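Fold and geometry: a report
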Amino acid sequence: MVTIRVKVLQDSLVQSSILSYLLRRFGYERCKLFEGDRKHSLETNYEISKQRVGYKPRRDTLPSDYSALGFKCGLEIHQQLMTERKLFCRCPAGLYNDKTDYDAEVVRHMRPTLSELGEYDGTALMEFRTRKTIVYRLKNRTACTYEVDDTPPFKIDRQALEIALRIALMLKTNIVGELHITRKQYLDGSIPTGFQRTGIIGIEGEIPLSNRKVRIIQISLEEDSCREVSDIGHMRTYITDRLGMPLIETVTYPDMTTPDEAAEAGYYLRYLARSSGQVRSGIGAARQDVNVSITGGTRIEIKGVAHIAWIPELTHNEAFRQKALLEIAEQLNLNLDVARWKLIHKNVPPRLLSGFYSMMPDLPASHRLIAVNLPGFKNILSFFTQPRRVFADELSDRLKVIACLEKPNILVSEHCRDELVLSETDLDSLRELLKSRDNDAQVLIWGHEDDIPTAIETIDERCRMAFEGVPNETRKGLPDGTTIFERVLPGADRMYPDTDSAPIPIEDDLIEKLQQDLPPEICDRFEQLREWDVPEDTYEYLLSKNLVPVIERISGECGLTPRFVGCFLGHTLKRLEGCKPWTPGFSYSKIYGLARFVADLGLDNAILKEMLPVVYEHPNIVFDSVLTTIGYSKISREQILSHVPILRQKFNDVCTSKNPNACTDWIMGNLRKMALGNICLAELRAAIDKGVDGD
């Protein structure tokens with residue numbers, strides 16, 4: 001094999017061109033760099049590894065590219081239900097309080113326990129290593145002894161059960177004969193009991209997408225977890241207002257083969273749940289867990305994705321992250337034996353590293369500084385994993401979660417980002433201290449002396465995982481489309497029967513009753529909007545807010561065209577909601593009342609756009625007062641048109657524009673406020689164009 005050695009050049013454009021040619025001609029393994037300018041060479045390693053992985057921006061990636069990766073994706077959609085009470089107690093649901101507004105605190109420490117098979121859950125062991133103190137903040141009006149695991153559950157809330165069954169029927173699932181409540185382990189502290197009560201109510205359904213059908217594994221009814229307030233060091237704090245609220249979890253098969261299909265399925269399930277009219281909306285009311293894998297990789301769960309619009313970028317980057325980790329494993333296994341591989345770590349003598357102490361001069365006396373040598377890991381720490389992220393971030397993320405070392409918590413020997421890299425002087429000192437070889441990589445960590453043993457174990461564990469490829473884990477999605485480590489993926493046996501809850505029969509009479517009142521399918525709603533000629537850019541808003549029934553009611557009872565109402569809601573109302581905060585007391589039923597009022601007075605419907613902002617900000621205002629607020633006065637059509645000749649003459653006296661429509665536009669501008677509600681504006685424009693009243 002011929003080795004091509006490339007000297008690092010000062011001209012980065014020339015260097016990039018040469019590297020691109022060599023990569024295409026000879027491949028990554030045969031292109032090595034001279035030791036030269038360290039920063040330039042290792043930044044180049046990021047780019048070389050990125051090309052080796054074959055990463056492309058999502059906009060440039062074709063379905064065939066995802067097929068080559070073996071991309072698969074499934075969804076777990078969580079949606080809160082619109083109930084009066086929580087699922088297993090009688091506390092009110094939907095009442096939220098500020099994180100600083102609480103009446104009591106409860107402190108817990110999570111410990112792992114053996115299962116019936118004599119095994120520990122991997123997630124439980126990971127959480128135990130963190131030595132976290134869990135604090136729950138309780139408000140009397142939204143929590144009781146059930147929330148803190150002091151009393152057994154009440155009977156399941158019947159309202160929640162019927163809503164969940166209705167949505168299960170909309171998904172075309174097979175309804176179970178009996179609802180059996182089980183316990184699903186939640187070991188991060190988000191539920192004080194350490195488990196979530198949940199029950200499967202339907203299995204094996206489906207939803208249609210534009211090019212395929214997506215199968216539904218199951219839909220479950222379960223209780224929501226706490227809201228996290230903070231997670232710093234060894235202290236994690238939750239607020240319990242959301243705890244125990246009823247929600248449904250819809251789980252799909254991994255049938256989506258592109259990121260866009262995953263988002264399409266997410267939107268469809270969102271629209272379907274909203275069309276029931278019995279689910280909550282707003283921040284936190286719906287959350288998505290996204291499962292992604294590629295050929296040779298494993299299932300990675302991206303937890304708690306806040307917006308469906310994030311799914312395409314997150315799944316795209318996760319697919320290539322797995323590809324990158326597989327490439328890293330291949331490279332490591334070429335030259336190293338994991339069975340004989342062993343990291344070396346040493347305490348760093350005080351003030352040995354001048355560059356580090358100039359960056360962090362106030363390191364507490366209780367903190368230790370540890371140098372770690374990773375044999376054979378040269379060019380691995382700066383290996384591309386995600387846009388703007390490298391393998392070193394895989395270590396840093398786990399140090400934050402497992403060893404509780406707050407970021408920044410790591411410096412490395414390879415230049416990938418300025419905030420991660422050791423200075424040249426410090427690196428020389430560390431290499432001498434560790435007796436490093438040319439092919440080794442170095443890591444510097446620091447933290448409280450009690451956390452250092454866990455930190456070293458964490459680095460060793462993650463590096464050994466690198467030999468295997470893609471580790472099983474749950475990750476958190478970020479707005480920029482990248483993910484960070486959250487915890488070890490729970491085991492398959494995390495569910496077991498709840499001995500506090502008796503089975504609940506699902507009567508055939510109840511199912512038949514619910515089937516008689518199901519809303520139209522979402523695909524039929526799309527077709528309905530097309531038939532009405534409603535602009536497509538309104539569909540997402542109208543369906544997510546379940547406003548199609550509002551369009552039907554207003555157009556059917558107020559004499560307005562569905563297209564006008566669709567545009568009024570999908571453009572005017574949406575823009576209003578985007579510009580102004582939601583006003584307590586405003587509901588979409590107010591819009592029907594407003595349209596009814598305008599229709600009864602025989603006003604032109606264009607006035608609705610002027611009245612809506614007032615009603616939105618003051619939902620309890622009398623509609624007559626709205627007319628006064630916007631300055632409306634009743635004027636006959638003839639009176640309005642009588643101003644046209646005068647205005648036309650005035651325009652001719654002062655006009656300098658060559659625009660043929662300038663006269664009509666100017667007259668319309670002068671008459672618009674007078675005409676609004678009294679005459680159709682399109683009719684007024686036509687009258688002006690024709691030269692009304694003998695002009």
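Note that the structure is predicted; figures quoted are calculated from it, not measured. Throughout this document, residue positions are counted from 1 along each chain, in the order its sequence is written. Totals for whole chains, interfaces and linings use every residue, but because this is a predicted model, local features are given only for residues with pLDDT of at least 70 and side-chain atom pairs only at 80 or more, for both listing and counting. With hydrogens and water set aside, each side-chain value is computed from the structure's full complement of heavy atoms.

Bringing the sheet that holds strand β17 (residues 367-374) into the picture now. At least two DSSP bridges between two strands are required for those strands to pair. Strands are runs of DSSP state E lasting at least two residues, helices are runs of H or I lasting at least four, and both sets are numbered from the N terminus onward. Taking strand neighbours across the sheet as the criterion, the four strands line up as β16-β17-β21-β20 in an open arrangement whose pairing is antiparallel. This sheet does not close on itself; its edge strands, each paired only once, are β16 (344-347) and β20 (410-412). Taking each pair of neighbouring strands and ignoring which way they run, the sheet shows an average axis angle of 20°. Inspection of the sheet shows β16 paired to β17 by four bridges, in the antiparallel sense. By the bridge assignment, I344 is partnered in β17 with N373. Throughout, a residue-residue contact means that at least one pair of heavy atoms, one from each residue, lies within 4.5 Å. Axis definition: a line fit to C-alpha positions, over the contact stretch in the case of helices; interaxial angles, taken between N-to-C directions, run 0 to 180 degrees. Strands in contact with helix α11 (residues 452-468) are β16, β17 and β21 (441-448); relative to β21, the strand with the most contacts, it is inclined by about 150°.

This next bit is on the pattern of salt bridges. Definition used for salt bridges: Asp or Glu carboxyl oxygen within 4 Å of a side-chain nitrogen of Lys or Arg. For the structure on display, the rule yields 53 salt bridges. In this structure, D65 and K56 form a salt bridge, with 3.1 Å as the shortest nitrogen-oxygen distance. We call a residue buried when its accessible area falls under 20% of the maximum for its residue type, exposed when it is over 50%, and partly exposed in between, using a 1.4 Å probe and counting protein chains only. Residue D65 is classed as partly exposed on the basis of its relative accessible area of 21%. The closest approach of N and O atoms between R158 and E507, which form a salt bridge, is 3.3 Å. In this pair, R158 sits in helix α5 (residues 158-170) while E507 sits in the loop between β25 (504-505) and α12 (508-515), placing the two residues 349 residues apart along the sequence. Judged by its relative accessible area of 37%, R158 is partly exposed. According to the relative accessible area criterion, E507 is partly exposed, its value standing at 37%. Three or more residues are tied together by salt bridges with common partners; here these are E318, R321, E394, R398, R462, E473 and R475.

Looking now at the nonpolar core. In a soluble, globular protein the nonpolar side chains are often hidden away together inside. For our purposes a nonpolar core is just a set of buried Ala, Val, Leu, Ile, Met, Phe, Trp, Tyr and Cys residues, chained together by side-chain atoms within 4.5 Å. Judged by nonpolar contacts, the single largest core of 159 residues is most densely connected at I167, L221, L374, F377, V443, L569 and L573. Element by element, the count of residues in this core is highest for α5, at nine residues. The next biggest cluster of nonpolar side chains, apart from the first, holds 15 residues, and it includes Y357, L369, L430 and L444.

Let us look at the domain arrangement of the protein chain. When cut into domains, the protein chain gives domain 1 (47-53 + 329-488), domain 2 (66-299), domain 3 (522-629) and domain 4 (637-694). Relative placement of domain 2 and domain 4: their C-alpha centres are 60 Å apart. Segment limits for the domains were obtained from an automatic or database-derived domain assignment.

Time to look at the environment of D231. Summarising the element assignment, D231 is placed in strand β11 (residues 227-232). For D231, a relative accessible area of 22% corresponds to the partly exposed category. Not counting residues within four places of it along the chain, the set of residues in contact with D231 comprises K132, R236, K400 and E406. N or O atoms within 3.5 Å of each other form a polar contact, as long as, within protein, one can give a hydrogen and the other can take it, and as long as residues adjacent in sequence are counted only when both atoms are side-chain atoms. A polar contact is formed between the side chain of D231 and the side chain of K132, at a distance of 2.5 Å. Side-chain polar atoms of D231 contact the side chain of R236, separated by 3.3 Å.

Looking now at the environment of M170. By the element assignment, M170 lies in helix α5. For M170, a relative accessible area of 11% corresponds to the buried category. Discounting chain neighbours no more than four positions away, the residues touching M170 are L272, S275, S276, L518 and P519.

Moving on: the packing of helix α16 (residues 562-579) against helix α18 (residues 608-617). Orientation of α16 relative to α18, taken along the N-to-C sense of each, is 40°, at an axis distance of 11 Å. What the angle tells us is that α16 and α18 run oblique. In this structure, α16 crosses over α18, and the sense of that crossing is right-handed. Residue-level contacts link F564, F568, T572, L573, L576 and E577 of α16 to L608, K609, L612, P613 and Y616 of α18. In this classification, Asp, Glu, Lys and Arg are treated as charged, Ala, Val, Leu, Ile, Met, Phe, Trp, Tyr, Cys and Pro as nonpolar, and every other residue, Gly included, as polar. Counted by class, the contact of α16 with α18 contains eight nonpolar, one polar and two charged residues. What sets the label is the angle itself: under 35 degrees gives roughly parallel, over 145 gives roughly antiparallel, 65 to 115 gives roughly perpendicular, and the rest give oblique. Left-handed describes a crossing whose near helix is turned anticlockwise from the far helix through less than a right angle; right-handed describes the clockwise counterpart.

Listing the buried residues of helix α23 (residues 681-690) in full gives L681, L684, A687 and I688. The arc that holds every buried residue of α23, seen down its axis, measures 120°, which confines them to one face. Opposite its buried face, α23 presents the exposed residues A682, D689 and K690, each directed more than 90 degrees away. Tucked into the core, α23 has its buried residues touching α20 (637-641), α21 (644-654) and α22 (662-675). Arc, as used here, means the arc of the directions from the helix axis to the C-beta atoms.

Moving on, we come to the packing of aromatic side chains. Each aromatic pair joins two rings of Phe, Tyr and Trp (for Trp, the six-membered one) with centres within 6.5 Å, and gets the label stacked for planes under 30 degrees apart, edge-to-face for over 60, and tilted for any other angle. The final tally for this structure, using the stated rule, is 22 aromatic pairs. For the ring pair F586 and Y588, a centre distance of 6.5 Å and an interplane angle of 85° mean the geometry is edge-to-face. Residue Y588 is classed as buried on the basis of its relative accessible area, which comes to 18%. Taken together, the aromatic side chains of Y46, Y55, F320 and F384 make up a single cluster linked through ring pairs. As a reminder, the over-ring test applies to NZ of lysine and CZ of arginine, requiring each to be within 6 Å of the ring centre and within 35 degrees of the ring normal. Its end group placed over the ring of Y253, R215 keeps NZ or CZ at 4.0 Å from the ring centre. A cation over an aromatic ring shows up here: R398 above the ring of F485, its NZ or CZ 4.2 Å from the ring centre.

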